[in-house]
Structures are given as structure tokens and as C-alpha cells.
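Listed here are the chains, written in short residue letters.
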Amino acid sequence: MPDLGQSSFRLDWVLVQELAVGSAPRAVRHLDRLSGEGIAAILSLCSEQEAPPPAGLSTRFLTKRLVLPDHRCERLPELSELEEALTALAELRCQGPVYVHCVAGMERSPLLCLGWLIQQHRLTPQRALDYLMQVHPGTNPLPGQLALLRKLA
């Protein structure tokens, strides 16, 4: 059986040369791919225990980590946590293209990208979701997470 953490690294551009989303980078070759795509900064929404970062991550990229709860937690993210993550994303974005990830790139990182599309690009929550599902198949935020987005709109 393949090691999914090593073989299934996935990066999709949400907005070319602005925002990319995907799974946690776990190997140096994943960092090489991020560099090759022009990524300047990485925002991690999972803990180091969930997805240990590869050596050299923080020396090659501007990084920030804000852990958001996912389906395994007893709670949904709060609006203040989503807003804090959007602020961090805006700060990193000043440095160039940003890669946002959680463990699998299905729940937390798409949620933040949806928030970005709503807040910065004035899409409705439904249009943002429809768009993100096209550019990043596998997007699967929980109903309660989607409800949180309506509070941003």
C-alpha cells in the first residue's frame, strides 16, 4: 500500500499567482514543486502532529500556522478563527502567491479559500463553492463550515 502522505501531494490554483490550495507538503520534493509553481508563502491550517512539515519548509518559504478544527474535532471553527486566518492570509499575500493547506486539502483549506473568494473577490458563498469545486475537486467542507461563510457575506 502506498504512503498517501508521500504520494498524493496535490496543489490546485484557486487564483493563478495569488492563491493555491491542497494537501500538506510532507517531502522535500513537495517543497520543490511549490517553489516551481512560484509559491512565496505557506499557510498551514493543521497541527504539526497531524502533518509533520518537511525539513527546510521555514527556510524556503514565509510560513504561518493557524490550526482550525476539522471533522475530527468536537466543534466547528468559530467566525473569529476564520477571520483570523483570513487576516493571516492577507498578510502573507503581500509577499506573493500563497499556498493554503490542511492535511488532505478537503475541508479546512478549502473553507479558507472560500472565505477569501467571498471577502476579497465578492463572490456569494454558493458561487464561491461552485467555483472552488471546479478548480479544486475534492473540496468537501462540512455543512456547519459552509454556514459560517454566510456570516462573512
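This one's a predicted model, so the numbers in the text were calculated from it and none came from an experiment.

Peer 1: Explain the overall build of the protein here, please?
Peer 2: A tally of regular secondary structure across the protein gives seven helices and five strands. Starting at the N terminus and ending at the C terminus, the protein contains elements arranged as α-β-β-α-β-α-β-α-β-α-α-α. Against the compact-globule benchmark of 15 Å for 153 residues, the protein has a radius of gyration of 14 Å, which places it among compact chains. Dimensions of the protein, computed from the C-alpha atoms along their principal axes, are close to 40 × 35 × 25 Å. Going through the 153 residues of the protein one by one, you find that 48% of them count as buried. Considering only intrachain contacts with a sequence separation of at least 6, the fraction spanning at least 24 residues in the protein is 67%. In the protein, 15 positive and 16 negative side-chain charges are present, and the distance between their average locations comes to 3 Å.

Peer 1: How should I be thinking about the packing of aromatic side chains in this particular structure?
Peer 2: Note on aromatic pairs: each is described by the distance of the centres and the angle between the planes. Here the structure, examined in full by the defined rule, presents one aromatic pair. Judged by centre distance (5.9 Å) and plane angle (55 degrees), the ring pair of F9 and Y99 falls under tilted. With F9 in the loop between α1 (4-7) and β1 (11-15) and Y99 in strand β5 (residues 98-101), the pair connects residues that are 90 residues apart, well separated along the chain. In this pair, the class of F9 matches that of Y99, namely buried.

Peer 1: Can you walk me through helix α4 (residues 79-93) in this structure?
Peer 2: Every α-helix carries 3.6 residues per turn, so stepping three or four residues along brings you back to the same face. Across its 15 residues, α4 extends 21 Å between first and last C-alpha, which sits within 8% of the 21 Å expected from 1.5 Å per residue. Within α4 the residues assigned to the buried category are E81, L82, A85, L86, A88, L89 and L92. In an axial view of α4, the angular spread of the buried residues amounts to 160 degrees, which keeps them on one side of the axis.

Analysis parameters
- Residues numbered from 1 in each chain as written.
- Predicted model: local features only at pLDDT ≥ 70, side-chain atom pairs only at ≥ 80, totals over all residues.
- Heavy atoms only, no water.
- Helix = DSSP H or I, 4+ residues; strand = E, 2+ residues; numbered from the N terminus.
- Rg over C-alpha atoms; globule rule 2.2 N^0.38 Å.
- Buried < 20%, exposed > 50% of the residue type's maximum accessible area, 1.4 Å probe, protein only.
- Contact = heavy atoms within 4.5 Å.
- Lys, Arg positive; Asp, Glu negative; His and termini not counted.
- Charge placed at Lys NZ, Arg CZ, Asp CG, Glu CD.
- Phe/Tyr/Trp six-rings, centres within 6.5 Å; stacked < 30°, edge-to-face > 60°.
- Expected span 1.5 Å × (residues − 1).
- Arc of directions from axis to C-beta.

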